[in-house]
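Each chain, letter by letter, is given below.
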Amino acid sequence: MRTHRTLGSLLIRTALPSEATAIAELHTRARATYYPDGLPQDGFDWPARWRGAIERPDGHVLCAVRDGHLVGIASFRTAENDPADTVTLFQFHVDPDHWRTGIGADLHAACVEEWQADGKRTATLDVHVDNERAQAFYARQGWARDRDPVAGEHHVTLGFTVSTGE
């Protein structure tokens, strides 16, 4: 995993297991913005889940850090039973206090760099059906709906073609 430096004081790098609690807190703050009735109590130990994602040998968790503060996170890997050239973006969050500052675009570009380096050709993700802000962000990055959700579904599936970087 490479360290990515982007504009200004933003550093994008591999997450450390010791950051799992801070990552879980950012994850919770970001998710809370698109649940109109408040975050559902899912019963997950999110710090433990993030630590597991960071320590997975087949996964990647990137952190965006500005001025020493965690401001963004992305977690991706090839999902079980998926083709080797496909990657799933499982989590992608920017701290709400830092939205519309370019962090999301820089973090996304770092993900794409990793996917290119790893030989990925396609990427997928699920985004909450009510999270129109995120859907608009992904559309600006080149993602498109694979299909429209059916009644009762809580997520929309998006697809992305990973360029060869040439």
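Presented here is a report on the structure given in the accompanying data block. The structure displayed is predicted, hence computed values, not measured ones.

## Here we look at the overall build of the chain
In step 1: Along the backbone of the chain there are 4 helices and 8 strands.
In step 2: Helices (α) and strands (β) of the chain occur, in sequence order from the N terminus, as β-β-α-α-β-β-β-α-β-α-β-β.
In step 3: Rg of the C-alpha trace for the chain: 15 Å, near the compact-globule value of 15 Å for 166 residues, within the 12% margin.
In step 4: Counting only C-alpha atoms and orienting by the principal axes, one finds that the chain spans roughly 40 × 35 × 30 Å.
In step 5: Taking all 166 residues of the chain together, 41% fall into the buried category.
In step 6: For the chain, restricting intrachain contacts to residue pairs at least 6 apart in sequence, the fraction spanning at least 24 positions comes to 59%.
In step 7: As presented, the chain carries roughly 9100 Å² of accessible surface, and 49% of it is formed by carbon and sulfur atoms.
In step 8: Side chains of the chain carry 17 positive and 24 negative charges; the gap between the two charge centres is 3 Å.

## A look at helix α3 (residues 103-117)
In step 1: Between the first and last C-alpha of α3 there are 21 Å, a value that for 15 residues agrees with the 21 Å anticipated at 1.5 Å per step.
In step 2: Listed in full, the buried residues belonging to α3 are I103, G104, L107, H108, A110, C111, V112, E114 and W115.
In step 3: Looking one or two residues beyond α3, the residue adopting positive phi is G119, at roughly 75 degrees.

## Remarks on the nonpolar core
It is characteristic of soluble globular proteins that their nonpolar side chains tend to be buried jointly.
In step 1: Grouped together as the largest cluster of nonpolar side chains are 28 residues, with contacts concentrated most on L89, F92, W115, Y138 and W143.
In step 2: Among the secondary structure elements, those contributing two or more residues to this core are β2 (10-14), β3 (59-66), β4 (69-77), β5 (86-94), α3, β6 (122-128), α4 (132-141) and β8 (155-161).
In step 3: Among all residues touching Y138, those that are not within four sequence positions of it are L89, F92, L125, V127, W143 and L158.
In step 4: In this structure, A24, W46, V61 and I73 belong to the second largest nonpolar core, which totals 14 residues.

## Section: the pairing of β5
In step 1: Most of β5 is tucked away, with 8 of its 9 residues classed as buried.
In step 2: In the sheet, β4 pairs with β5 via 6 bridges, with the strands oriented antiparallel. Paired with S75 across the strands is Q91, a residue of β5.
In step 3: In this structure, β5 lies alongside β6, joined through 3 bridges in parallel fashion. Across the sheet, T88 pairs through a bridge with T124, a residue of β6.
In step 4: In this region the chain leaves β5, passes through α3 and returns to the parallel neighbour β6; the handedness of that crossover is right-handed.

## Observations regarding the environment of V71
In step 1: As for its position among the elements, V71 is in strand β4.
In step 2: Each C-alpha atom of the pair V71 and I103 lies 7.7 Å from the other, and the pair is 32 residues apart in sequence.
In step 3: Ignoring sequence-local partners within four residues, the contact set of V71 consists of L10, L26, A64, V65, R66, H93, V94, D95, H98 and I103.

Conventions used here
Residues numbered from 1 in each chain as written. Predicted model: local features only at pLDDT ≥ 70, side-chain atom pairs only at ≥ 80, totals over all residues. Heavy atoms only, no water. Helix = DSSP H or I, 4+ residues; strand = E, 2+ residues; numbered from the N terminus. Rg over C-alpha atoms; globule rule 2.2 N^0.38 Å. Buried < 20%, exposed > 50% of the residue type's maximum accessible area, 1.4 Å probe, protein only. Contact = heavy atoms within 4.5 Å. Areas by Shrake-Rupley, 256 points an atom, 1.4 Å probe, with all protein chains shown as cover. Lys, Arg positive; Asp, Glu negative; His and termini not counted. Charge placed at Lys NZ, Arg CZ, Asp CG, Glu CD. Expected span 1.5 Å × (residues − 1). Core = buried A, V, L, I, M, F, W, Y, C linked by side-chain atoms within 4.5 Å. Pairing = 2+ DSSP bridges. Right-handed = clockwise from strand over helix to strand, strands pointing away.

Worth remembering: the numbers are spatial, not functional.
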